[in-house]
Amino acid sequence: MSNTVLFELGVEELPARFINDALQQLESKTKAWFENQRIPFDDVKGFATPRRLAVQVTEVAEKQPDIEEEAKGPAKKIALDDQGEWTKAAIGFSKGQGKDVDDIYFKEIKGTEYVHVNKFIEGESTANLLKEFRSVFLDLTFAKNMRWGSYDLRYARPIRWMVALFGEEVIPFSIENISTGRTTFGHRFLGEEVALHSAAEYEDVLKQQSIIPSLNERKNNIHEQLLHLEKEKQWNLVIDDDLLNEVTNLVELPTVFTGAFNEEFLEIPEEALITSMKEHQRYFPVRSTDGDLLPFFVGVRNGDDRHLDTVARGNEKVLKARLKDAQFFYEEDQKGSIDEKLEKLTRMVYQEELGTLADKVQRIKAITGKVSDWLELDDKEKAQAQRAAEICKFDLVTQMVDEFTELQGVMGEKYARLFGEDEAVAVAINEHYMPRHANGEVPSSKVGAIVSIADKMDTIVGSIAIGIIPTGSQDPYGLRRQALGILQTLNTLGWSLPVEQIIDLVHNFYVELSLPTRSKEEVNKDLHEFFNLRAAYLLREEQVDPDVVDAVLVNGINVYSTTLEKAKLLVEKRQDETFKPIQEALGRVLNLAEKAETDEVDPELFENETEAELYSTFTAMHEPYVAALENEDPVKALEILSELSSPIHEFFDQTMVMAEDVKVKNNRLGLLKSIAYDIKKYADFNAIEWKQQF
Amino acid sequence: MNIQDMILTLQKHWSDQGCLLMQAYDTEKGAGTMSPMTLLKSLGPEPWNVAYVEPSRRPADGRYGQNPNRLYQHHQFQVIMKPSPDNIQELYLDSLKALGIDPNKHDIRFVEDNWENPTLGAAGLGWEVWLDGMEITQFTYFQQIGGLEARPVSAEITYGLERLASYIQDKENVFELEWTDGVTVGDIFMQPEYEHSTYTFEESDEDMLFQLFSTYEKEAERIMEKGLVFPAYDYVLKCSHTFNLLDAKGVISVTERTGYISRVRNLARKIAKTYVEERERLGFPMLKKEDENHE
């Protein structure tokens, strides 16, 4: 015998952003709960709308399976007395197992006979166990919890009803003032209170009550309505999955409607129009099949198609007011000059300890200047970079960006063009915010990339200097993303600029400007550690194994693109048998070199040929090796380094490094240390684990 | 329905739910929440149910009466129910029906919106209520007030009267809304809107305002020390409005700004704490009253 189980938690409207995650949690925690309780079941199906989280479990057994197991008791000679009667020990044992002495049998274990009984544990009734299911609801976690009324519980939103049914029977339990029952609630306006006869009919009953309880079904339903509309109207809808998820979780019964706005608003930059529609009103913007934005929008209503015109008209009115605002902002922002707007930055706080945005811009300019020199930009480019740095934040004081924060940079580019700035400068204002999200596009212009790096490095150094260091999931200023952005930008543009050089430059600025920072050493350590971790993360993303990551980051990141190339090369070499002796040779040198006190070598003190041979190979390779590294050519550098392999092996075969004569010993260690110094410039070869090939 | 009838309807509706009908509080403020009838009364264990209209001043939103949507001063209809009743959402939806809004003919939604007022150390969770895409109400469960945990929790419902009226009367310009039949918002408020905007952005005497701010602040501090919570709170409200005037004029520098906000916040915290202590000393009279009524 089996039956269906249903639990439904009725709540006041959950935040849309919580719902997908809550559903996943509910499904997996329900599964785990049934497994822990040893209740056999077939399948778990979850439902989620703004007003309810529910789970249906099918083919749930009436009780836990019984358990039969053998229990071992005392030895036979203790269980029976001289007269062959059961002793107290035997009686006690059988009782303890819920059995009688009559149930005892003997079984031999390693030559001794022991008392045994067959223990039988009857499975508990499922109906009884299900009363404890409330813990699953209480275990759901949400990003934000609240209290309501006079109750103690903190939950995503107030709980208003609960349904718990096993087949046709109510499973009794309660949370705060709410007790389970069979009454659920239909759509807020189209449905009504309704009693469920059985757990199995849940979905059908809710559908009759104008609700699509399955999240996926609701999402697909909206998607199909949108596609249908596209076809019917010859439109191209901008269907963004985040928006689709959000509207799915704002309604219990979705009906798509369309609205229009005046064509004159199409003069407003389309990014602003789209933001207004998507972010503020949760509408899908409409494009023509050629990709032009059209003066229409598509919304999703919580209800059926009755009175859809009223709904559409109301929405049109709201959008019109918003677009009128945007239009006003756009016109106002074009008044005055960029300089006037820059002046306002002196009154906008960036970080309390780190001054205003105008102060930040000054730093960005200085960093941009230095980096432009290092990259040997021509005079024209340098001037563009300076101008871009100077005005990169001016749009933050425009009304448009004040209203649509996410358009920072986007509006800057447009306004800069309207104010007659250089094209390269305009583009750089937008690009300096890139990448805008994890794995987003990096700046493609030189000027944009430099200002982007300068801005991000200033933010990172400033934050870490005043003790804002990301930990665990806490990274409110997005410092990690920005550090990744710097590395990815340097890599994509192929600039041979060691990251550390930029870090130190900016850190020195902070010290010179006597901005409030923690101790210089501490900040320096934190900064380098922070960037090393980011580089390690990026290398791992490129499928570089952790040991190779450690090996190549031994001396910091340096030029990231080269470090990446090096890492990939080593990952490949590690699969190559012929590389194994090379790695061993270089590794042995690194090990022994640690014992050396100096790196001085006196050829006069050589006692055998292998020493002289190693020394001469080393002196011959040193310069070309360093040159290869400087040319960011890790392949060539490794080739040269490999030339040391045979001389090293021969050296160790023929030479006793720890010689009795201290002078000879130190001379040999000195030789190894000078070689180790070069090897380490490449990687810590001892960190690399040799992959066994089977 | 004209605005006057809307107010009467809402008053009747919430009065029927046991709310005391208060009048607007006579000190300038940016929102109905700042009235002591909300901010102080939502502190502590005593039950409190109230409804009132609150003229709310936002100097920075002044547009000389030229913008169809923005006002120096708009009107909020404010409801507080403490502890929040279990059917508070239904009570709210019934109020919309009373205003002639049939939910079946519209799209009404509760969209997550959490409210925070750092100056008052106050925060709550809830929604903005959408009527066919328009935000008509802010619906909040207070979680923290004056830095103190709100227990029991109050539900705060704030209707934007002009917003709601523009929907009900189907008007696009706030100044065309009918206050009563034949008298528009423009008839009543156009001149004050224009003059307040002129004053705020052009004519206000900054030196005097700066001076007033510190005078009010000192007075609030001084009488706080004497345990006079309500007068002290009035001066905090005056500080807040004076700050808003200075801010709208754009004469508060960054450092000053942070400083001013944290000074007001500290005052608000002290007042919240003292208020609860004072009520406790009095034996939480409204709590007793409730017990008597139940007997």
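Residues numbered from 1 in each chain as written. Chains lettered and ligands numbered in written order. Predicted model: local features only at pLDDT ≥ 70, side-chain atom pairs only at ≥ 80, totals over all residues. Heavy atoms only, no water.

**Thoughts on the overall build of chain A**
Thinking step 1. Along its length, chain A carries 27 helices and 18 strands.
Thinking step 2. Scaling as 2.2 N^0.38, a compact globule of 694 residues should have a C-alpha radius of gyration of about 26 Å, whereas chain A reaches 36 Å, well beyond that.
Thinking step 3. Seen along its three principal axes, the alpha-carbon backbone of chain A occupies a region of about 100 × 95 × 50 Å.
Thinking step 4. By residue count, 52% of the 694 residues in chain A fall in the buried class.
Thinking step 5. Within chain A, contacts between residues at least 6 apart in sequence are counted, and of these 68% link residues at least 24 apart.
Thinking step 6. About 32,000 Å² of surface is accessible on chain A, with carbon and sulfur atoms providing 45% of the total.
Thinking step 7. Here chain A holds 80 positive side-chain charges and 125 negative ones, and the gap between their average locations is 5 Å. (Helix = DSSP H or I, 4+ residues; strand = E, 2+ residues; numbered from the N terminus. Rg over C-alpha atoms; globule rule 2.2 N^0.38 Å. Buried < 20%, exposed > 50% of the residue type's maximum accessible area, 1.4 Å probe, protein only. Contact = heavy atoms within 4.5 Å. Areas by Shrake-Rupley, 256 points an atom, 1.4 Å probe, with all protein chains shown as cover. Lys, Arg positive; Asp, Glu negative; His and termini not counted. Charge placed at Lys NZ, Arg CZ, Asp CG, Glu CD.)

**A short note on the packing of aromatic side chains**
Thinking step 1. Using the criterion set out here, one finds 40 aromatic pairs over all chains in the structure.
Thinking step 2. Aromatic side chains Tyr92 of chain B and Phe139 of chain B sit 5.9 Å apart centroid to centroid with 85° between the ring planes, which places their arrangement in the edge-to-face category. A residue pair is termed long-range when its members are at least 10 positions apart, and Tyr92 of chain B in helix α3 (residues 88-98) and Phe139 of chain B in strand β7 (residues 134-145) qualify at 47 residues.
Thinking step 3. Classification of Tyr92 of chain B by relative accessible area gives buried; the value is 0%.
Thinking step 4. A network of ring pairs unites the aromatic residues Phe7, Trp33, Phe34, Phe41, Phe133, Phe137 and Phe173 of chain A as a single cluster.
Thinking step 5. Note that Lys76 of chain A overlies the ring of Phe106 of chain A, its terminal NZ or CZ placed 4.8 Å from the centroid. (Phe/Tyr/Trp six-rings, centres within 6.5 Å; stacked < 30°, edge-to-face > 60°. Lys NZ or Arg CZ within 6 Å of the ring centre and 35° of its normal.)

**Remarks on the side chain of Gln89 of chain B**
Thinking step 1. Counting through the fold element by element, Gln89 of chain B comes out in helix α3.
Thinking step 2. With a relative accessible area of 2%, Gln89 of chain B lands in the buried category.
Thinking step 3. Filtering out sequence-adjacent residues up to four positions away, Gln89 of chain B remains in contact with Glu12, Glu13 and Arg188 of chain A together with Phe110, Trp127 and Phe139 of chain B.

**So, the nonpolar core**
Thinking step 1. Counting 138 residues, the largest nonpolar core has Met400, Phe531, Leu570, Leu641, Tyr682 and Phe685 of chain A as the members making the most contacts within it.
Thinking step 2. Among the elements that take part in this core, helix α17 (residues 446-465) of chain A stands out by supplying 11 residues, more than any other.
Thinking step 3. In terms of nonpolar packing, the next biggest core, distinct from the first, is built from 86 residues, Trp33, Val57 and Phe189 of chain A together with Val79 of chain B among them. (Core = buried A, V, L, I, M, F, W, Y, C linked by side-chain atoms within 4.5 Å.)

**A few points about the domain arrangement of chain B**
One widely used convention gives an interface's size as the accessible area the parts lose upon coming together.
Residues and elements named next belong to chain B.
Thinking step 1. If you check the domain split of chain B, you get domain 1 (3-200) and domain 2 (204-287).
Thinking step 2. When each unit is reduced to the centre of its C-alpha atoms, the spacing between domain 1 and domain 2 is 23 Å.
Thinking step 3. Domain 1 puts 30 residues into the contact, and the matching count from domain 2 is 31 residues.
Thinking step 4. Taken together, both faces of the contact between domain 1 and domain 2 bury some 2,600 Å²; the carbon and sulfur share is 69%.
Thinking step 5. For the interface between domain 1 and domain 2, the tally reads one salt bridge.
Thinking step 6. Two residues, Glu46 and Arg279, come together in a salt bridge whose shortest N-O distance is 2.8 Å.
Thinking step 7. The interface formed by domain 1 and domain 2 holds five residue pairs in polar contact (both at pLDDT 80 or more) in total. (Domains from an automatic or database assignment. Buried area = accessible area lost by both parts, 1.4 Å probe. Salt bridge = Lys/Arg side-chain N within 4 Å of Asp/Glu carboxyl O. Polar contact = N/O pair within 3.5 Å; in protein donor to acceptor, adjacent residues only side chain to side chain.)

**What to know about the domain arrangement of chain A**
Thinking step 1. Parsing chain A into structural domains produces domain 1 (2-63 + 126-208), domain 2 (71-121), domain 3 (215-333), domain 4 (339-541) and domain 5 (562-687).
Thinking step 2. One C-alpha centre belongs to domain 2 of chain A, the other to domain 3 of chain A; they are set 78 Å apart.

**Some points on the interface of chain A and chain B**
Thinking step 1. In this complex, chain A contributes 48 residues to the contact, which on the side of chain B involves 43 residues.
Thinking step 2. Together chain A and chain B conceal approximately 4,000 Å² of surface at their shared face, both sides included; 48% is due to carbon and sulfur atoms.
Thinking step 3. Looking only at chain A, the three residues that lose the most surface to chain B are Arg147, Phe189 and Lys317 of chain A, adding up to 18% of its buried area.
Thinking step 4. At the junction of chain A and chain B, the tally comes to eight salt bridges.
Thinking step 5. The residue Asp325 of chain A makes a salt bridge to Arg70 of chain B at a minimum N-O spacing of 3.5 Å.
Thinking step 6. By residue number, the principal contributor to the side of chain A that touches chain B is helix α10 (residues 308-333) of chain A, which donates 11 residues.
Thinking step 7. Grouping the constituent residues of the side of chain A that touches chain B by class yields 17 nonpolar, 13 polar and 18 charged. (Nonpolar A, V, L, I, M, F, W, Y, C, P; charged D, E, K, R; others polar.)

**Some remarks on empty space enclosed by the protein**
Thinking step 1. Taken as a whole, this structure holds seven cavities of 30 Å³ or more when the rule is applied.
Thinking step 2. Quantified by volume, the largest cavity comes out at close to 90 Å³.
Thinking step 3. If you go around the largest cavity, the residues you meet are Glu13, Pro50, Arg51, Arg188, Leu250, Val251, Glu252 and Asn302 of chain A together with Ile108, Arg109 and Phe110 of chain B.
Thinking step 4. The element best represented in the lining of the largest cavity is strand β4 (residues 108-112) of chain B, accounting for three residues.
Thinking step 5. Per-class residue counts for the lining of the largest cavity are five nonpolar, one polar and five charged. (1 Å grid on protein atoms, 1.4 Å probe; cavity = no way out; pocket = protein on both sides within 12 Å on 5 of 7 lines; lining within 4 Å. Points joined across faces, edges and corners; volume = space filled by probe spheres on them.)

**Quick word on the side chain of Asp547 of chain A**
Thinking step 1. When you line up the elements, Asp547 of chain A lands in helix α21 (residues 546-552).
Thinking step 2. Those residues in contact with Asp547 of chain A that lie beyond four places of it in its chain are Arg574, Ala687, Ile688 and Glu689 of chain A.

**Notes on the pairing of strand β15 (residues 284-288) of chain A**
Residue and element names in this part refer to chain A.
Thinking step 1. With five of its five residues buried, β15 lies for the most part within the structure.
Thinking step 2. On β15, burial covers both faces: Phe284, Val286 and Ser288 on one face and Pro285 and Arg287 on the other are all buried.
Thinking step 3. Two elements, strand β13 (residues 235-237) and β15, share three bridges in a ladder whose sense is antiparallel. Counted as the bridge partner of Asn236 is Arg287 from β15.
Thinking step 4. Relative to strand β16 (residues 293-302), β15 runs antiparallel, the two being bridged by three bridges. Looking at the pairing, Phe284 lines up with Val298 of β16.
Thinking step 5. In textbook terms, the turn of a hairpin is the stretch between consecutive antiparallel strands, and for β15 and β16 this stretch comprises four residues, one of which, Gly291, has a positive phi near 100°. (Pairing = 2+ DSSP bridges.)

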